[in-house]
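Read off the chains here:
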Amino acid sequence: MEALAPALATAPRRRLRERLLGEHPTAWAFIAPAVVIILGLTIVPVVWSLLLSFRSSDLISPSHSVGLANYKALVHDPALGAAVKHTLIFTVLYVPLSIAAGLGLALALDRRIRLIGLYRTLILIPFIVATAVQGVLFSFIFDQRFGVVNSLLQKLGLPTQGFLGDPGQALYIIILIALWGSIGFCVIIYLAALQDVPKELKEAAAVDGATRWEVLRHVTIPQLAPITVFLLVWQTLFALQLFDLVYATTRGGPLESTVVIVYYIYLQAFQLFHAGYAAAIAYVVALVLIGLSALQIVYRRWRVAHP
Amino acid sequence: MSLRRRLPFSPWHLALAPIAILFALPFAWMVISSLMSTAQINRFPPTIIPGSLHLEGWETVLGGAEFPRWFLNSTIVAVVTVISNLIFCSMAGYAFARLKFRGSTAIFLLILATLIIPFQITMIPTFIVMHDLHLSDTLGALIVPNLVTPFGVFLMRQFFLNLPIEVEEAARIDGCSRFGVLLHVATPLAKPALATLAALTFLVSWNELFWPLIVINTDSTFTLPVGLTTFQGAHSIDWPAVMAGNALTALPVVVAFLLTQRTFIASLTSSAVKG
Amino acid sequence: MPGVTLERITKVYGGGVKAVDDVSMAIGDAEYMVLVGPSGCGKSTLLRMVAGLEKVTAGRILIGGDDATDLEPRDRDIAMVFQSYALYPHKTVRENLAFGLRRRRVPSDEIRTKVDAMGAMLGLAELMDRKPAALSGGQRQRVAMGRALVREPRVFLLDEPLSNLDAKLRTSMRGELARLHERLPTTTIYVTHDQVEAMTLGSRVAVMRDGVVQQCDSPQVLFDRPANLFVGAFIGAPAMNLVEARVGGGAIHFGSHALGAPGLEELGDRRLVLGLRPTCFALADERCDPRWPRLSAEVDVVEELGAESNLLFTVDAPPVLSDAVREAIGGESGSDEGRLLADDRRARFTAQIAERRAARAGERVELAMDPTQLHLFDPASGEAVEWSWSLVHTA
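1. Focus on the overall build of chain B
Stage number 1. Scanning chain B for helices and strands turns up 16 helices and 0 strands.
Stage number 2. In summary, chain B has a C-alpha radius of gyration of 24 Å against a globular reference of 19 Å for 275 residues, an excess of more than 25%.
Stage number 3. Considered along the principal axes of its C-alpha atoms, chain B spans approximately 75 × 65 × 35 Å.
Stage number 4. Classification of the 275 residues of chain B by burial places 54% in the buried group.
Stage number 5. For chain B, long-range pairs separated by at least 24 residues make up 71% of all intrachain contacts whose partners lie at least 6 apart in sequence.

Structure representation (C-alpha cells):
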C-alpha cells in the first residue's frame, strides 16, 4: 500500500473510480445486457419460484402463504406418483438405449467408405428438426386407422395395434420416437470423440497381440468414458424434462398413461392454475437435475486432476 | 473375408444403408403424404405409393392465413434472437475474457451457474414478469428472455480467451478503443465462433415449443411448432395438410443444416467433447 | 523535452508480485535504449507500461515531455513490434500497414502513398495483397516492422522482435535494424534477453534483474566496468569466468593459483569473487606485457573457431554459484542444466585466444591475463570492487 500512495496522489479521481469499478469501467457497458437478461430472468425467478412454492397462487389474484402445505401435498399426490413412474420408465429405457445405439452406430460409421457422409447426415437430421415435427409426424405414422405402420402390419397378416391410442403402448411408442430423434446426437458426439482416441494406442494394442474386439473393449471404449458420462448425464437430463414430445403426440393420454413430470407441472401451473403447487414440484425436480449436473462437473474436474 | 472379396463394395453398407434409410423414411413418408389427397389417405388400408399427386394439402397450408403468419412469426423471433445473441454474447464474452473489472469472476460464475438451472423453476416467475411487462401473448415474450443466453456468453468468452492477445494489443496501439478492437479485430477473427452461436441459437429458437405454448394464446401470434401442434389437434383428419405444415416447419432447419453441415456438427460436438 | 522519461515506475501485480521496482530513466530524443535481462526480470512489463498496455502501480511516464501515465495506448503516439508480430490475420499486408493510419483518419490517398513507400522500402511490394498466413517468418517480421514504421510515431517500441527468427536471419536482421535507425532516427526502446543484440543495437543498455535496473550505460562501459556480479556474468559471450578467490599480500589467490598485479595491496585481506573475461587471456610468450599476471592450465577441450580458439580448462577452486550468477547464465547456457558431466564442483574457465591452433587438448599452457579485463566483486553484495589498475586503465 505504501507503494500506491504517490500514485493515488497524482490522479486521485481516476484511481478512485478504478478502485471501485476495476481497470475497465466500460466493461460494465459490455456485460450489462447479459447481466440484466440472464440474471434478471434466471437468478431472480429461481428465488421467486422458491418463495412461490410456499404460497397458494393462481398466477392472477394475490397469493397467500401456505407454509409447507405444497410440499406435503406433493408427497401424497397419486397423479404425481404416476407421472414420476412414467418419467422413470422413459428414462430407464431411453437413456441406455440411446447411448448404446449411438456408440454402436458411431463405431460403424467411423470408417472411410463411400456414402459415409450421407449416412451420417441422414442419421442426424431427425435430431435437428423440431420435436413438434417429430411428434406430429409419428402421430400420423402410428395412427390407428390411417397410419402406415398398421397398414404394413395388415399386409403382413398381423393384428393392427392401438399404438399412441393404447394406454399400454403409448409410452413405449414415445420412447421409440425419442430414440429416433436423438440417436443422431449420440452418434455425432461419439464420432467426434473417436477422432480424439490416439491412433498409437490402438496400434500399440494391436502390436501387443490384441484382436479387433479386444482393442475396442480395452482401448477404445475406456478412452470414450468421459464422453459416455457426459451423454449419460445429458440424456438423463433430457429424459427427466420430457415435455415437447408428449405434448405433440398424446398430450398425456390415453387415460393419462403418458403424463410425465414436467407435463404434470405444466398442467398444474398453466391449465389448473395451481402455480404454488407447480413451483413446489418444479423445485424438487430441479434439485435432482442440478445435483446431476453438479455430479457431472465434479467428475470432469476429477478427470482433469487425475488424467 | 470371403464376403468382402465377393462384394463390389464394403460389407458395412449392408448394415449402414438400411439403418440410414430407417432414419430417413419417416421424412419421405411425410413428403409423400403431403402430396396425397385426403381420399387417398383415408382409404383403408392406406396407400403407400400414391397413383397421383395432389397439392390440396399444400394449398391449405400455404393459401390459408395461419401457416404463412406462423412462419413469419417464427422467422422474426429467430432472426432477432440470433442477431441479438451475436451482439450481446460477443460483448459480454469479450469483457469477461479480456477486461479486468471488479466482480468479473463472480458475475461470470453466476452466469455459468444458470446453465444448469432447469427451465421449470424459472418459467412461472418469467411468465409473471412477461405479464407485468405487458409482453405476454406477443412475440416480445419469446424474444426478450432469449436476447442473451448464458451458453453464448460462455462460448464467446472461451473463443476470445484463445485468441492471441498481442493482435488486440497491436490494434490498441494502432489507435483502436476497446470497442474498436472488438469491432475491427476480435469480431472478424471470431467468425467461426459466431457461426456456431448463430447456428445453435437459430436451431433452438426455431424449434422451441414449451415456452411459446405457455406465453402465447392468440392464433395469430403462434410460432410454427405451437401452430403445428394446434393445427394437428384441430384438423386430425386432414393429414395431407398436417404433413405439409410439418414439412414446412422442418424445411428451414433442414436446409440450414444441409448448407452449413460442418459448422452445425462442430457446434453440436464442441461443447461436449472439448468443454 | 522529447524522448521518454520514466519517473520511479513501479508495477505490482495482483498477487503482490513486484514486476518492476522503482525504475527511473531518461531516454533522449532518437536514442536507442535496450532493456536486457533474463526472462522475468521485468523488462517486458516496463516496455508494456510505456506502451500503455499495463497500468503503472506508481510513478510517471512522460512521452515527448507530456504526461502519458494514464493515456490509452492509442493516445500515446507510439508504435510497437511484438515478439509474435501480432499481424492481423484477417487482413492483407497492405491492410495491416494501413490499419493504424486509417484509425487516425489519415486521408486515403496519403495512406496509399505512405504504405506503398514503406512496402517498397522493406521489399514487400510483391506481397502487399497476401495475408500473413502466406508469408515466411522473415517476411512477417518485416511487415510487423513496416506497420510500426509507417505511422512515424514519436516512440518506437520493440519487444523481442527477432526471437522468432532462425539464428542466421536474426543476425542479418540485427544489422538491418541498426541501419534502419540510422536512416529514421526515432526514440526507440528495445527489449531482448539476448545480450549480443543488446550490445550491438543499443546506444545505451539497461540491464535488469528482478524488476530493478542493475546498470544503465553504453555497451562499452557495461563490458569494461560492470557495476556488479550480475551484469558481469550477464554481459559478454562467452560468459565471464568466475571463481571464488581471496586477495591478500598483493595477489589474488584461488585454488593453487596466485595472480599478482599492481594495486591489489590496497584491498587488504578479504574474500572476493574474481571475474576474468575470456578475451583477457593470451598465450604467455615474448609478445606479452611482462607485467601481466600468469596462469598455468591444462587444456581440457579446444574449440577451433577459425580465426581464434577457445581453450576450456578447469581450475581447482569452487565456481561461483550465487543467485545472481545462476540467473545471469541460466537463461542461455544453463548453470546446472548446462553441465552434462556432473563430475566435480570445480570452476571451468574459457580462454579466448586470438590465434588459430593455440593449443591441443591435454596440453599444459602458460596463459597471461590483461588485468584491465580482470574484475573483482564483493561476494556478499555482488558489487564491483574498484582497484587502482582497473581505474587507471579503463576510465
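2. Quick notes on the sheet that holds strand β2 (residues 18-27) of chain C
Residues and elements named next belong to chain C.
Stage number 1. With respect to topology, 4 strands assemble into an open sheet ordered β2-β1-β4-β5, the strand pairing being antiparallel. Every interior strand has two partners, whereas the edge strands, β2 and β5 (66-67), have only one.
Stage number 2. Relative to β5, strand β4 (residues 58-63) runs antiparallel, the two being bridged by 2 bridges. The residue bridging Leu 62 from the neighbouring strand is Asp 67, located in β5.

3. Things to note about the packing of aromatic side chains
Stage number 1. Across all of its chains, the model carries 43 aromatic pairs over all chains by this definition.
Stage number 2. Seen in terms of ring centroids, Tyr 266 of chain A and Phe 270 of chain A are 6.3 Å apart; in terms of plane orientation they differ by 40 degrees. Their pairing is tilted. In this pair, Tyr 266 of chain A and Phe 270 of chain A are both assigned in helix α14 (residues 261-271), 4 residues apart and thus about one turn of the helix distant.
Stage number 3. Of the residues examined, Tyr 266 of chain A reaches a relative accessible area of 5% and is grouped as buried.
Stage number 4. A ring pair is formed by Phe 67 of chain B and Phe 231 of chain B, whose centres lie 5.1 Å apart and whose planes are at 75 degrees; its orientation type is edge-to-face. Taken as a pair, Phe 67 of chain B in helix α5 (residues 66-98) and Phe 231 of chain B in helix α14 (residues 224-234) lie far apart in primary sequence, 164 residues in all.

4. Looking at the interface of chain C and chain B
Stage number 1. Listed as interface residues are 24 residues of chain C and, on the opposing side, 15 residues of chain B.
Stage number 2. Summed over both partners, the interface of chain C with chain B buries about 1,700 Å², with 60% contributed by carbon and sulfur atoms.
Stage number 3. Considering only the surface of chain C that becomes buried against chain B, Arg 74, His 90 and Arg 103 of chain C emerge as the three largest contributors, covering 29% of it.
Stage number 4. As a salt-bridge pair, Arg 151 of chain C and Asp 174 of chain B come within 2.9 Å of each other at their nearest N and O atoms.

5. Examining α14 of chain A
Stage number 1. Counting buried positions along α14 of chain A gives 9 out of 11 residues, so the element sits mostly inside the fold.
Stage number 2. Its buried side turned inward, α14 of chain A meets α5 (78-109), α12 (225-240), α13 (244-249) and α15 (275-305) of chain A together with α7 (119-132) and α13 (210-215) of chain B.
Stage number 3. The positive-phi residue at the C-terminal boundary of α14 of chain A is Phe 273 of chain A, with phi of around 60 degrees.

6. A look at the interface of chain B and chain A
Stage number 1. Chain B puts 90 residues into the contact, and the matching count from chain A is 95 residues.
Stage number 2. Each partner contributes to the roughly 8,500 Å² buried at the junction of chain B and chain A, and carbon and sulfur atoms together form 80% of this total.
Stage number 3. Our enumeration of links across chain B and chain A arrives at 0 salt bridges.
Stage number 4. The tally of links between chain B and chain A comes to 8 residue pairs in polar contact (both at pLDDT 80 or more).

7. A word on the pattern of salt bridges
Residues and elements named next belong to chain C.
Stage number 1. Scanning all chains against the criterion turns up 27 salt bridges over all chains.
Stage number 2. Here Lys 43 makes a salt bridge to Glu 160, at a shortest N to O gap of 3.9 Å. Of the two residues, Lys 43 sits in helix α1 (residues 43-51) while Glu 160 sits in the loop between β7 (155-159) and α5 (167-183), which places them 117 residues apart along the sequence. Across this residue pair, the class does not change: Lys 43 and Glu 160 are buried.
Stage number 3. Its salt-bridge partner being Glu 176, residue Arg 179 comes within 3.2 Å of it at the nearest N-O pair. A residue pair is termed a helical-turn pair when its members lie 3 or 4 positions apart in one helix, as Arg 179 and Glu 176 do in helix α5 at 3 residues.
Stage number 4. Under the relative-accessibility criterion, Arg 179 is labelled exposed at 56%.

8. Re a nonpolar patch on the surface
Residue and element names in this part refer to chain A.
Stage number 1. Side chains of Val 92, Leu 93, Leu 97 and Tyr 172 sit close together on the surface and give an oily, nonpolar patch of about 360 Å² of accessible area.
Stage number 2. Here the nonpolar patch takes 3 residues from α5, the largest share from any one element.
Stage number 3. The residue Leu 97 is located in helix α5 in this model.
Stage number 4. Under the relative-accessibility criterion, Leu 97 is labelled partly exposed at 42%.

9. Examining helix α6 (residues 104-113) of chain B
Stage number 1. Considered for burial, the residues of α6 of chain B that qualify are Ser 104, Ile 107, Phe 108 and Ile 111 of chain B. Each buried residue of α6 of chain B sits inside an arc of 100 degrees when the element is viewed along its axis, so together they form one side. Residues of α6 of chain B that are exposed and point over 90 degrees away from its buried face: Thr 105 and Ala 106 of chain B.
Stage number 2. At its buried positions, α6 of chain B is contacted by α3 (26-52) of chain A together with α5 and α9 (150-162) of chain B.

10. What about the sheet that holds strand β20 (residues 374-377) of chain C?
All names here are of chain C.
Stage number 1. An order of β13-β12-β11-β14-β20 is seen for the 5 strands of this open sheet, with the pairing classed as antiparallel. Looking at which strands have only one partner, the edges of the open sheet turn out to be β13 (257-260) and β20. Adjacent strand axes in the sheet meet at a mean angle of 35 degrees when their direction is disregarded.
Stage number 2. Sheet topology note: the strand β12 (residues 251-254)/β13 ladder contains 4 bridges and is antiparallel. By the bridge assignment for β13, Phe 254 is matched with His 257.

11. With respect to unusual backbone geometry
For residues other than glycine, phi is negative in most cases, and the peptide bonds are mostly trans.
Stage number 1. Omega for the bond connecting Gly 253 of chain A with Pro 254 of chain A falls within 30 degrees of zero, at -15 degrees, which places this linkage in the cis form.
Stage number 2. Considering the arrangement of structural elements, one finds Pro 254 of chain A in the loop between α13 and α14.
Stage number 3. A cis geometry characterises the amide bond from Ala 237 of chain C onward to Pro 238 of chain C, with omega recorded as -5 degrees.
Stage number 4. Summarising the element assignment, Pro 238 of chain C is placed in the loop between α8 (229-234) and β11 (241-248).
Stage number 5. One non-glycine residue, Phe 163 of chain A, lies in the positive phi region at around 50 degrees.
Stage number 6. When you line up the elements, Phe 163 of chain A lands in the loop between α8 (148-155) and α9 (170-195).

12. Describing the packing of α5 of chain A against α9 of chain A
All names here are of chain A.
Stage number 1. The N-to-C vectors of α5 and α9 enclose an angle of 40 degrees; their axes lie 7 Å apart at closest approach. If you check the angle between α5 and α9, you find them oblique. Of the two elements, α5 crosses α9, and the hand of that crossing is right-handed.
Stage number 2. Of the residues that constitute the contact of α5 with α9, the class distribution is 24 nonpolar, 4 polar and no charged.

13. Details of the confidence of the model for chain B
Stage number 1. For chain B, the average pLDDT comes to 89, and 95% of its residues sit at 70 or higher.
Stage number 2. Among the scores for the predicted complex, ipTM is 0.90 and pTM is 0.83.

14. Quick notes on the domain arrangement of chain A
All names here are of chain A.
Stage number 1. We note that the domain assignment places domain 1 (5-52) and domain 2 (71-305) within chain A.
Stage number 2. Inter-centroid distance (C-alpha atoms) of domain 1 to domain 2 is 41 Å.
Stage number 3. Taken residue by residue, the interface counts 4 residues in domain 1 and 5 residues in domain 2.
Stage number 4. Interface area, domain 1 with domain 2, both sides summed: about 370 Å², of which 66% is carbon and sulfur.
Stage number 5. Sorting the residues of domain 1 by area buried against domain 2 places Ser 49, Leu 50 and Leu 52 first, and these three jointly supply 87% of that buried surface.
Stage number 6. Counting the contacts that link domain 1 with domain 2 gives 0 salt bridges.
Stage number 7. Run the count over domain 1 and domain 2 and you get 1 residue pair in polar contact (both at pLDDT 80 or more).
Stage number 8. When its residues are assigned to classes, the side of domain 1 that touches domain 2 shows 3 nonpolar, 1 polar and no charged.

How each quantity is defined
- Residues numbered from 1 in each chain as written.
- Chains lettered and ligands numbered in written order.
- Predicted model: local features only at pLDDT ≥ 70, side-chain atom pairs only at ≥ 80, totals over all residues.
- Heavy atoms only, no water.
- Helix = DSSP H or I, 4+ residues; strand = E, 2+ residues; numbered from the N terminus.
- Rg over C-alpha atoms; globule rule 2.2 N^0.38 Å.
- Buried < 20%, exposed > 50% of the residue type's maximum accessible area, 1.4 Å probe, protein only.
- Contact = heavy atoms within 4.5 Å.
- Pairing = 2+ DSSP bridges.
- Phe/Tyr/Trp six-rings, centres within 6.5 Å; stacked < 30°, edge-to-face > 60°.
- Buried area = accessible area lost by both parts, 1.4 Å probe.
- Salt bridge = Lys/Arg side-chain N within 4 Å of Asp/Glu carboxyl O.
- Polar contact = N/O pair within 3.5 Å; in protein donor to acceptor, adjacent residues only side chain to side chain.
- Patch = residues over 30% accessible without salt bridge, like charges linked within 9 Å, V, L, I, M, F, W, Y side chains within 5 Å.
- Areas by Shrake-Rupley, 256 points an atom, 1.4 Å probe, with all protein chains shown as cover.
- Arc of directions from axis to C-beta.
- Axes fitted to C-alpha atoms, helices over the stretch in contact; angles between N-to-C directions.
- Parallel < 35°, antiparallel > 145°, perpendicular 65-115°, else oblique.
- Left-handed = near helix turned anticlockwise from the far one by under 90°.
- Nonpolar A, V, L, I, M, F, W, Y, C, P; charged D, E, K, R; others polar.
- pLDDT = per-residue confidence, 0-100.
- Domains from an automatic or database assignment.

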